[in-house]
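Tertiary structure, described
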Amino acid sequence: MRRIYFDHSATTPVHPLVAREMDHFLTGDNFGNPSSMHYFGRIALNALDEAREKVARAIGASTGEIIFTSSGTESDNMAIHGAAYTNRRRGNHIITSAVEHHAVLHTVRALESHGFDVTILPVDRYGMVDINDVEAAITDKTILISVMHANNEVGTIMPIAEIGRLAQERRITFHVDAVQSFGKIPVNVDDLGVNLLSLAGHKFYGPKGVGMLYVRKGTPWKQTMLYGGAQEHMRRAGTENIPAIVGFGKAVELAVEKIDEESKRLITLRDRMIKEVLDRFPHVELTGHPNLRLPNHVSFVFRYIEGESMLLSLDMRGIAVSSGSACTSGSLEPSHVLLSMGYPHEVAHGSLRLTLGKDNTEEDVEYFLDVMEPIVTRLRAMSPLMRNSDANIPAE
Ligand SMILES: *Cc1c(COP(=O)(O)O)cnc(C)c1O
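What counts as what
Residues numbered from 1 in each chain as written. Predicted model: local features only at pLDDT ≥ 70, side-chain atom pairs only at ≥ 80, totals over all residues. Heavy atoms only, no water. 1 Å grid on protein atoms, 1.4 Å probe; cavity = no way out; pocket = protein on both sides within 12 Å on 5 of 7 lines; lining within 4 Å. Points joined across faces, edges and corners; volume = space filled by probe spheres on them. Helix = DSSP H or I, 4+ residues; strand = E, 2+ residues; numbered from the N terminus. Phe/Tyr/Trp six-rings, centres within 6.5 Å; stacked < 30°, edge-to-face > 60°. Buried < 20%, exposed > 50% of the residue type's maximum accessible area, 1.4 Å probe, protein only. Pairing = 2+ DSSP bridges. Axes fitted to C-alpha atoms, helices over the stretch in contact; angles between N-to-C directions. Contact = heavy atoms within 4.5 Å. Near = heavy atom within 4 Å. Polar contact = N/O pair within 3.5 Å; in protein donor to acceptor, adjacent residues only side chain to side chain. Nonpolar A, V, L, I, M, F, W, Y, C, P; charged D, E, K, R; others polar. Salt bridge = Lys/Arg side-chain N within 4 Å of Asp/Glu carboxyl O. Patch = residues over 30% accessible without salt bridge, like charges linked within 9 Å, V, L, I, M, F, W, Y side chains within 5 Å. Areas by Shrake-Rupley, 256 points an atom, 1.4 Å probe, with all protein chains shown as cover. Lys, Arg positive; Asp, Glu negative; His and termini not counted. Charge placed at Lys NZ, Arg CZ, Asp CG, Glu CD. Right-handed = clockwise from strand over helix to strand, strands pointing away. Domains from an automatic or database assignment. Buried area = accessible area lost by both parts, 1.4 Å probe.

1. Remarks on the layout of surface pockets
Using a probe with the size of a water molecule, rolled over the atoms, empty space left in the structure can be pinpointed. The space that makes up the second largest pocket amounts to roughly 320 Å³. Forming the walls of the second largest pocket are 21 residues, and the residues nearest its centre are Gly183, Tyr205, Ala255, Glu262 and Lys358. Elements supplying a minimum of two residues to the lining of the second largest pocket: α9 (242–257) and α10 (259–280). Here the lining of the second largest pocket gets 4 residues from one element, more than from any other, and that element is α10.

So, in C-alpha cells, the structure goes:
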C-alpha cells in the first residue's frame, strides 16, 4: 500500500546523513566515554565538542551555553524548574500560556503545588498570546515567563521577540520552547531575546531521545533535577549519549542549511492543501493563524465528524495524520489548545492536523484530497450531529 506520512509535528524520520554519522559512533572504536582521558575518551569528547559547536552556531549562541539533554520534555522541565528555584528569593510568580506543550504546563502545575504562583495567559481565536496580556500579568514577584515559539497543534507563531524585549526590560528570565519552530523558521537566541530555549532532535530529522537546552550566560539558572557527575559543565549529570548527540548536531546543520528553500517549498504545499480542503468540504474551518503559522502546518476542525474517525479512516488508506482529540488514558479529552482558543467541545473533537515534511510532494497532497472526499461524505452521513444540525431533515 502507498504510505504517506503527514505527521511531522509528532516526529520525523531520521535523515539518512544523520543515521550515517550516528552509525560511526555505534560501531568500531568510537564507543568511548568523553570523561575518560585516554584515546577512546578523546574521540568521544571531540565528537561532543563538534556537535556543540554546530548547535551553538545554528542558534547564535556560544558553546558554553549549550546543554545536551534526553528530550524536549527534559529541556522544558529543566529550564522551568531551574529558573523557578534559582530565583525563588526574588519572587514566586511564573507566567506561561494556555496553549503550551504539556512538558511546560504540567511542570508549572507541579511548581504551583510547591508554593509558586502561576498565571496562564489566554490566547485569541488563532492561538496567539497578546503582548499586552503578558505585560499586564507581570508583577514585582514575576521571575519567569515561558511561551512557546510555535504551537504544535495549530502551527501559530507567537510574538516571541516582542515578549523577549519586555522580559529583558523587566529583568525577567524568559524561556522559549522552540521544539516545533527550529528548522522551519529562523531561531536565533539574540533576535528572540531569550534566556532559555528548548529543542528536540526528533522534530527535525534527528534521533529521538536527545534534546538541547540553551542557557544564556549570566542567566540566574542552576540545574535542580539530576544529581551525579560533572558532565555538561556540571549542569546535566549522566554520561553523554554520544551517538544521539552526534546525530543531533548533524540534523541541526542540515536543518539550517536548507531552511529557506525548504520553507518556501513547504509553504506552497501547505497553502495548496488549505485552499483545496476549504474549497471542497463544507463546515470546515482552518485552526490557527492563516499567515503567522509554521510553513509545514495544516490544521482544521471538521464539524459533525470525529477527528479520531478521520484519522483511522485515513490510516486504512495509508495516510498518517493526527487529531487533537487524542485518546488519552481511555478518555476522549479534546485538545486543551483548541478549547482555550474558544472552540466548543463538540467542535474541538473534529480536529485534524496534517504536518508536512521533506519527503512530501504535490502528488501526496493530491492523493490525500482524493482519499478524503469519500471519507468525509461517509462519516458525515453517519453523524447524528449532522442530521440534527439540519432542521429540515428529520433524523430517522
Ligand atoms: C514534541 C514536543 C515537545 C517534547 O519533546 P520530546 O523530545 O518529544 O520530549 C515539547 N514541546 C513541543 C512544542 C513539542 O512539539
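What follows picks up the thread again.
2. Overview of the packing of aromatic side chains
Following the criterion strictly, the structure yields 9 aromatic pairs and no others. Measuring from ring centre to ring centre gives 5.8 Å for phenylalanine 68 and phenylalanine 248, while their planes differ by 80°; the resulting arrangement is edge-to-face. Taken together, the positions of phenylalanine 68 in strand β2 (residues 66–69) and phenylalanine 248 in helix α9 put the pair 180 residues apart, joining distant regions of the chain. Just as phenylalanine 68 is buried, phenylalanine 248 falls in that class too.

3. Topic: unusual backbone geometry
The phi angle of most residues is negative, glycine excepted, and most peptide bonds adopt the trans form. Notably, histidine 283 is not glycine yet its phi reads approximately 60°, a positive angle. Along the polypeptide, histidine 283 turns up in the loop between α10 and β9 (284–286). For tyrosine 304, which is not glycine, the phi torsion reads 65° and is therefore positive. Mapping tyrosine 304 onto the fold places it in the loop between β10 (297–302) and α11 (307–316). We classify tyrosine 304 as partly exposed; its relative accessible area is 23%.

4. Quick look at the sheet that holds strand β8 (residues 211–215)
Spatially, the 7 strands line up as an open sheet ordered β2-β8-β7-β6-β5-β3-β4, and their pairing is mixed. The open sheet has two edge strands, β2 and β4 (117–121), and neither has a second partner. The mean inter-strand angle of the sheet, taken between neighbouring strand axes irrespective of direction, is 20°. Sheet topology places strand β3 (residues 93–97) next to strand β5 (residues 142–146); 4 bridges connect them, and they run parallel. Along β5, the bridge assignment pairs isoleucine 95 with isoleucine 145. Along the sheet, helix α4 (residues 102–112) makes contact with β3, β4, β5 and β6 (173–177), crossing β3 at roughly 155°.

5. Let's talk about the site of the ligand
Taken together, 13 residues lie near the ligand, and Thr73, Asp177, Gln180, His202 and Lys203 sit nearest. Residue glycine 72 places a main-chain N or O atom 2.9 Å away from an oxygen atom belonging to the ligand. Between the ligand and histidine 202 there is a distance of 2.9 Å, counted from an oxygen atom to a side-chain nitrogen or oxygen. Looking at the shell around the ligand, the element that brings in the most residues is helix α3 (residues 72–86), giving 3 residues. Its residues placed into classes, the shell around the ligand shows 3 nonpolar, 7 polar and 3 charged.

6. Description of the pattern of salt bridges
Here the structure, examined in full by the defined rule, presents 21 salt bridges. A salt bridge links glutamate 21 to lysine 250, with the nearest nitrogen and oxygen atoms 3.8 Å apart. Placement of the pair is glutamate 21 in helix α1 (residues 16–24) and lysine 250 in helix α9, with a sequence separation of 229 residues. Residue class for lysine 250 comes out buried when judged on its relative accessible area of 14%. Measuring nitrogen to oxygen at the nearest pair gives 2.8 Å for the salt bridge that ties glutamate 74 to arginine 236. In this pair, glutamate 74 sits in helix α3 while arginine 236 sits in the loop between α8 (231–234) and α9, placing the two residues 162 residues apart along the sequence. Across the pair, exposure class does not vary: glutamate 74 and arginine 236 are buried alike. The structure contains a network of salt bridges with shared partners spanning Arg272, Glu276, Arg280, Glu362, Glu366, Asp370 and Glu373.

7. Observations concerning a negative patch on the surface
Judged by side-chain charge, Asp124, Asp130, Asp133 and Glu162 come together as a negatively charged surface patch. Given a relative accessible area of 31%, aspartate 133 falls into the partly exposed group.

8. Quick word on the pairing of β4
Each regular strand shows side chains that alternate between the opposite faces of the sheet. Strand direction decides the pairing type here: β3 and β4, joined by 5 bridges, are parallel. Bridging from a neighbouring strand, threonine 96 pairs with isoleucine 120 of β4. Once the chain exits β3 it traverses α4 before rejoining the sheet at β4, and the crossover so formed is right-handed.

9. Quick look at the domain arrangement of the protein
A common way to report how large an interface is uses the accessible area buried once the components associate. The domain architecture assigned to the protein consists of domain 1 (4–11 + 259–387) and domain 2 (16–257). For domain 1 versus domain 2, the separation of C-alpha centres amounts to 28 Å. Facing 28 residues of domain 1, the contacting portion of domain 2 comprises 33 residues. Contact between domain 1 and domain 2 buries roughly 2400 Å² in total, counting both sides, with carbon and sulfur atoms accounting for 58%. Contact with domain 2 buries area across many residues of domain 1, yet Ile259, Leu294 and His336 alone supply 27% of it, more than any other trio. Across the contact surface, domain 1 and domain 2 share 0 salt bridges. Our enumeration of links across domain 1 and domain 2 arrives at 18 residue pairs in polar contact (both at pLDDT 80 or more). Element by element, the count of residues in the side of domain 1 that touches domain 2 is highest for helix α12 (residues 336–340), at 4 residues.

10. Here we look at the sheet that holds β9
Strand order in the open sheet formed by 3 strands is β9-β10-β14, with antiparallel pairing between adjacent strands. Of all strands in the sheet, those bounded by a partner on one side alone are β9 and β14 (351–355). The average undirected angle you get between the axes of adjacent strands in this sheet is 25°. Where β9 and β10 come together, 3 bridges link them in antiparallel fashion.

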